[in-house]
Amino acid sequence: MHKPTSGHASRLRSQAIAFAIVRGLSFLTIGILALILIFIVYRGLRYENVVRSTVLSNSEAAPDGLAIVVNEGTPLDRIEFPVLYGMYTDEYLNWSKITADKEDLVPIALDSSTADGAKVSRFLFGSTPQWGGLVETAPDAARAIERVRSTLGAVAVLPAEDLAGQKGVKVIPLRRVVIAANSEVTALVENRGIEDLSDPALRLLMAGKIANWKELGGPDLAVHLLEPPAGTELQRVLSDGGHSVSGGAREKDMAAYLAALGDQSGSVGYLFAGDAKAEELPTLMWSGTESGWNLSLSYLLESPGLSGKVGGISTIIANTFLMLILTGLMAAPIGVAAAVYLVEYARQGIMIRILRLGTETLAGIPSIIFGLFGFLFFVNILHFGFGLLSGCLTLTLMILPTIVRTSEEAMKAVPAGLREGSLALGATKLQTIVRVAIPAAAPGILTGLILGIGRAVGETAALLFTMGSDYKLAKGLFSSARVLSSHIYLLFAEGISFDRAFSTATVLILVVVAFNFSAKRLIGKMGGGREKGAKTR
Amino acid sequence: MKHRKLFERTAEGLLFACAALSVLAVILITVFLFQRGLSLFQKVSVLEFLGSTRWEPTAKVPGYGILSFIVGSFYVTGLALAFAVPIGLAVGIFLAELAEKRSSRIIHSTVELLAGIPSVIYGLFGIALISTITRSLFGGSGYSVLSASIVLAIMTLPTIISVTEVSLRAVPRELKEGSLALGATHWQTIVRVLVPAARSGIIAGVILGMGRAIGETMAVLMVGGNAPLMPKGLTGMVRTLTMNIITDMSYATGDHLTSLFATGIVLFVFILVLNLTVQVALKRSMAATEGGGGA
């Protein structure tokens, strides 16, 4: 204290600097929180992925008046023509490479001798049918639909008008527009190492702004751009999908267009994948970023499939709330009763010190240890198995200290006058507690419950090996259940989808913030005296 | 009347049972964890378990050495505290001494929300942002000691801030007034009088944060890289005790499973020691500021 200083002014100056640093670091915490919240919510709401494919991203519900139908339970929301082609040529035996499902693939085709059947055959193969051995033949559309409805794993191509109002099956849109080029282009392009045509490059090419393939890193060959013939299905699909072609040569019909692609050196143009295949024209890969809304209403309302790869999270949200309700129902009475004992009954001394030490120690035990204990005791020794009950019992133990401590503070803050009044009126101690003390402390108790539940909702480590990870709706106390937090982890750990992990995280954050906010509102209602106790949870 | 008395007695007994549940839970956790984990040492010596770095539980000649994970746990935790303690202290000081009402309210809400964010979300944030940043700045895979400790630092901040603030507020007013009256500036008073007086409370907060960090599982699991090796430098991958347990739990059987419970015992003992230290430190800080700090 008696250190010589170079004067009051310099001390004040260093104080000002120190205060500025302290203030800066304090506001840094706000920055960190904001960064975390904004980052998670942004990534949860929007996705942006690099996609690389032979087909463009616009899809058609009824290509050539046909529709691709699958069973309602098939987790597929679109299909690319090469995949559909592969389904009918025995390239796929089951769904594992398409949707990761184990079901056998059952491709169904209409009898080729009927008009509709011939149309489907033309649609898939052009003039030379190459039906695979797996393909089942149905005599008419009604029976094909019936087969698809009853068979998970079946797929059929049928006239679109036969599908109106059908239940139990769904129509999936097809992506079939490719970029076809003269064989000279691709042969050389591959030599020159072009892997794919990026979206901006494609736009320039199709706007007639690129004169030579050299500009795209390809061979020294003039670009001969072809515009789709007017009035054709191809032209209609392209203009619907916003893929206009300008500045190119226009052939009079489809046959001439195909011939030009095949013969004219350096030629390029859009084409349906089926035609490209039939004419054996090479195609260029297309790559671009797809962005869109990640967290949609349907994501919240649909039930998940394929470990969360498709569908939404409705059952997981439901499981989460089931878990919270069950945990709350178990933890609240026990926690409040413990607090009542500590405040109203326990005498100062060794007993209360042991009880306090127990609560403090329990509060400090990490969740993974709770997980190990829950796995040993509830899952194995008590034979509850992986399920809702084991998980909730583990969570109850975890959040008990929070509830006990907060309720204790709240009970302590009830004015002695209230109790004395009640006792003086002839009420017993228990009556006083139940009718006077607990109601008076209710906001504080509720705050503790909300804080505890808020902790439970984000818990993962303790749940992975007690509650299981079934993403279907829990059917009972012993049914394995996946909740939001474990879903986030499993989506990440099983490499299923980062985007989906973020959308789920956004939902979880909203739940946590809602709990936090309501706890704060309650604390605000209680007023200053009790605020402190509730905060140091 | 007699009936009523019996009822009151029963009620009291029930209430006591509920209050004793925490103690019972601690005892049960201890007993079951030890009973299940200790049997490992019939096959592996304690020295080998704690002192070897060979973790090959599924090899033909299995190795159960968790030294690298113990080192990993302390490495990550120590580094996290090195980041979190200065910031936590500063924010605690700001809240206790400098903040005006409005910024105090905002920062309090911030700290509460930071404490409430689930660890799996910290993990997601860690892989998507922090790993990317450390990868581009320092090279390596980004799944590293450094990334893990940055995430842990953010997670332990709330604990350190809250306890620092409470301890500083508990320092008797007379100490502060005396220092100011002697001509010390506010800052000098904070650094030379208030912080030293609140020392044991602050230390308790840091230890509490350390316990949180050592026991943290999901966030470090997602950003730490999880290679079962001795961590090599800041950008090397790391596996902590908690990660070791959760990684192998899904498929371990027999001795391997037992070794995970034994890992749990080691973690549990560390946590208990830290917790007891906190209790002692807090008691001391309470005794030191007795009478003055009517919080």
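Parameters at a glance
- Throughout this description, residue numbers start from 1 for each chain and increase along the sequence as written.
- A letter from A marks each chain and a number from 1 marks each ligand, given out in the order of writing.
- It should be noted that, the model being predicted, local features are given only for residues of pLDDT at least 70 and side-chain atom pairs only at 80 or more, the latter also being counted only at that level, while totals for whole chains, interfaces and linings use all residues.
- Helix numbering and strand numbering both begin at the N terminus, where a helix is a DSSP run of H or I of at least 4 residues and a strand a DSSP run of E of at least 2.
- To get the radius of gyration, use the C-alpha atoms; to get the globule rule, take the number of residues to the power 0.38 and multiply by 2.2 Å.
- Counts of 20 or more other C-beta atoms within 10 Å of a residue's own C-beta define buried residues, counts of 12 or fewer define exposed ones, and intermediate counts define partly exposed ones; C-beta atoms are placed from the backbone.
- Residues are defined as contacting one another if the C-beta atoms placed from their backbone atoms lie within 7 Å.
- Side-chain classes are defined by residue name, with Ala, Val, Leu, Ile, Met, Phe, Trp, Tyr, Cys and Pro counting as nonpolar, Asp, Glu, Lys and Arg as charged, and the others, Gly among them, as polar.
- Each pair of strands is called paired provided DSSP finds at least two bridges between the two strands.
- Axis lines are fitted through C-alpha atoms, for helices just across the contact stretch, and the angle between N-to-C directions can take any value from 0 to 180 degrees.
- One nonpolar core equals one set of buried Ala, Val, Leu, Ile, Met, Phe, Trp, Tyr and Cys residues connected by C-beta atoms within 7 Å.
- Those domain boundaries reflect an automatic or database domain assignment.
- In this scheme the crossing of two helices becomes right-handed for a clockwise turn of the near helix relative to the far one and left-handed for an anticlockwise turn of less than a right angle.
- In this scheme, roughly parallel covers angles under 35 degrees and roughly antiparallel covers those over 145, while 65 to 115 is roughly perpendicular and the rest are oblique.
- pLDDT is a residue-level measure of predictor confidence that goes from 0 to 100.
- Expected span of a helix, by definition, is 1.5 Å for each gap between consecutive residues, and there is one gap fewer than residues.

Undergrad: Can you tell me about the overall build of chain A, naming the residues and giving the values?
TA: Tallying secondary structure elements over chain A gives 20 helices and 15 strands in all. Relative to the compact-globule value of 24 Å for 537 residues, chain A shows a C-alpha radius of gyration of 34 Å, a clear excess of over 25%. The buried share among the 537 residues of chain A stands at 43%. Long-range contacts, defined here as pairs at least 24 residues apart, represent 74% of the contacts in chain A between residues at least 6 apart.

Undergrad: Account for the overall build of chain B, naming residues and giving values.
TA: The helix and strand tally for chain B stands at 12 helices and two strands. Counting from the amino terminus, chain B carries its helices and strands in the arrangement α-α-β-β-α-α-α-α-α-α-α-α-α-α. With respect to the principal axes defined by its C-alpha atoms, chain B has extents near 75 × 75 × 35 Å. Taken across its 295 residues, chain B has 53% of its residues classed as buried. Summarising the internal contacts of chain B: among those between residues at least 6 apart in sequence, 75% fall at separations of at least 24.

Undergrad: If you had to explain the interface of chain A and chain B to someone new, which residues and values would you point to?
TA: Residue-level contacts link 71 residues of chain A with 70 residues of chain B. The dominant element in the side of chain A that touches chain B, judged by the number of residues it contributes, is helix H1 (residues 8–45) of chain A, at 19 residues. In terms of residue class, the side of chain A that touches chain B is made up of 50 nonpolar, 15 polar and six charged.

Undergrad: I'd love a proper account of the sheet that holds strand E10 (residues 197–198) of chain A, names of residues and values included.
TA: Residue and element names in this part refer to chain A. Read from one edge to the other, the open sheet built from three strands follows the order E1-E15-E10, with strand pairing classed as mixed. Each having just a single partner strand, strand E1 (46–53) and E10 make up the two edges of the open sheet. Relative to strand E15 (residues 286–293), E10 runs parallel, the two being bridged by two bridges. Each bridged residue has a counterpart across the sheet, and for Leu197 the counterpart in E15 is Trp286.

Undergrad: Report on the sheet that holds strand E11 (residues 224–227) of chain A, specifying residues and quantitative values.
TA: All names here are of chain A. Pairing is mixed across the open sheet formed by five strands, whose spatial order is E12-E11-E13-E9-E14. Each end of this open sheet is capped by a strand with a single partner; those strands are strand E12 (249–250) and strand E14 (283–284). In this sheet, strand E13 (residues 267–272) lies alongside E11 in parallel orientation, the contact comprising two bridges. Directly across from Leu225, in E13, lies its bridge partner Val268. Along the sheet face, helix H8 (residues 254–263) touches strand E9 (177–181), E11 and E13 and points at about 130° away from the line of E13.

Undergrad: Which residues make up the nonpolar core, and what values do they have?
TA: Across soluble globular proteins, nonpolar side chains have a tendency to be buried as a group. Ile488 of chain A together with Ile121, Leu124, Val151 and Leu152 of chain B are the most contacted members of the largest nonpolar core, which totals 182 residues. At 16 residues, the largest contribution of residues to this core is made by helix H3 (residues 67–98) of chain B. When residues are assigned to domains, this core turns out to be shared by domain 1 (8–47) and domain 4 (299–535) of chain A, each giving three or more. Setting aside residues up to four positions removed in sequence, Val151 of chain B forms contacts with Tyr122, Gly126, Ile130, Ala219 and Val223 of chain B. One finds Ile108, Ile145, Leu163 and Tyr270 of chain A within the second-largest nonpolar core, a separate group that totals 62 residues.

Undergrad: Quick one: what's the story with unusual backbone geometry, residue by residue and with numbers?
TA: Non-glycine residue Asp64 of chain A carries a positive phi angle of around 55°. Following the sequence through the fold, Asp64 of chain A ends up in the loop between E1 and strand E2 (66–71).

Undergrad: Break down the domain arrangement of chain A for me, with residues and values.
TA: What the domain assignment reports for chain A is domain 1 (8–47), domain 2 (63–175), domain 3 (178–293) and domain 4 (299–535). Relative placement of domain 1 of chain A and domain 2 of chain A: their C-alpha centres are 58 Å apart.

Undergrad: Requested: an account of the pairing of strand E4 (residues 106–110) of chain A, with residues and values cited.
TA: All names here are of chain A. Within E4, five of the five residues are buried, leaving the element largely enclosed by the surrounding structure. Residues Val106, Ile108 and Leu110 line one face of E4 and the alternating positions Pro107 and Ala109 line the opposite face, and both faces are buried. Where E4 and strand E6 (residues 154–159) come together, three bridges link them in parallel fashion. Each residue of the ladder has a partner; that of Ile108, found in E6, is Ala156. When E4 meets strand E5 (residues 136–138), the two strands line up parallel, connected through three bridges. Among the inter-strand pairings, Ile108 is bridged to a residue of E5, identified as Glu136.

Undergrad: Lay out the pairing of E9 of chain A with the relevant residues and their values.
TA: Residue and element names in this part refer to chain A. Of all five residues in E9, five are buried, a share of seventy percent or more. With burial as the criterion, each face of E9 is covered, one bearing Val177, Ile179 and Ala181 and the other bearing Val178 and Ala180. Pairing analysis gives five bridges linking E9 to E13, with the strands arranged antiparallel. Directly across from Val177, in E13, lies its bridge partner Phe272. Of the strand pairs in this sheet, E9 and E14 are connected by two bridges, and their pairing is antiparallel. Of the residues in E14, the one forming a bridge with Ile179 is Leu284.

Undergrad: Lay out the packing of H3 of chain B against helix H6 (residues 145–169) of chain B with the relevant residues and their values.
TA: All names here are of chain B. Put simply, H3 and H6 touch, their axes get as near as 6 Å, and they point 35° apart. At the point where H3 passes H6, the crossing takes the right-handed sense. Considering only residue class, the contact of H3 with H6 consists of 23 nonpolar, six polar and three charged.

Undergrad: Help me get a handle on helix H8 (residues 186–197) of chain B, residues and values and all.
TA: An α-helical turn contains 3.6 residues, so any two residues separated by three or four positions project in the same direction. Residues Trp187, Gln188, Thr189, Ile190, Leu194 and Ala197 of chain B constitute the buried set of H8 of chain B. In the core, the buried residues of H8 of chain B are packed alongside H1 of chain A together with H3, H6, helix H7 (173–181) and helix H9 (199–215) of chain B.

Undergrad: Which residues make up the packing of H1 of chain A against helix H5 (residues 119–138) of chain B, and what values go with them?
TA: Remark: H1 of chain A packs on H5 of chain B, axes separated minimally by 10 Å, with the N-to-C direction vectors making an angle of 80°. Considering their axes alone, H1 of chain A and H5 of chain B lie roughly perpendicular with respect to each other. Contacts between H1 of chain A and H5 of chain B involve Ile36, Phe39, Ile40 and Arg43 of chain A on the former and, on the latter, Ile121, Leu124, Phe125, Ala128 and Leu129 of chain B.

Undergrad: Describe in detail the confidence of the model for chain B, supporting the description with residues and values.
TA: Residues and elements named next belong to chain B. Here chain B averages 86 in pLDDT, and 96% of its residues register 70 or above. Taken element by element, the predicted model of chain B shows its lowest mean pLDDT in strand E1 (residues 55–56) (83) and its highest in H3 (92). For this predicted complex, the interface confidence reaches an ipTM of 0.89, while the overall pTM sits at 0.75.

Undergrad: Quick one: what's the story with helix H13 (residues 367–381) of chain A, residue by residue and with numbers?
TA: Residue and element names in this part refer to chain A. Taking 1.5 Å per residue, 15 residues should reach 21 Å; H13 reaches 20 Å between its end C-alpha atoms and fits that length. Across the 15 residues that make up H13, a large majority, 13, are buried. Trailing H13 by a residue or two, His383 shows a phi angle of about 60°, which is positive.

Undergrad: Got a sec to walk through the environment of Ile445 of chain A? Specific residues and values, please.
TA: All names here are of chain A. Tracing the sequence through the fold places Ile445 in helix H16 (residues 429–457). Take Ile445: there are 24 C-beta atoms within 10 Å of it, and that puts it in the buried class. As a C-alpha pair, Ile445 and Glu408 span 37 residues in sequence and 8.2 Å in three-dimensional space. Once you skip the residues sitting within four places of it in the chain, Ile445 turns out to touch Val336, Ser407 and Ala410.

Undergrad: Go over the confidence of the model for chain A with me, naming the residues and quoting the values.
TA: With 95% of its residues at a pLDDT of 70 or more, chain A has an overall mean of 83. The low-confidence segment residues 528–537 of chain A (pLDDT under 50) makes 21 contacts with residues lying over four places distant or belonging to another chain.

Undergrad: With reference to specific residues and values, describe the environment of Val280 of chain B.
TA: Residues and elements named next belong to chain B. As for its position among the elements, Val280 is in helix H12 (residues 254–288). What makes Val280 partly exposed here is the crowd of 13 C-beta atoms within 10 Å. Spatially, the C-alpha atoms of Val280 and Met155 are 24 Å apart, while their sequence positions differ by 125 residues.

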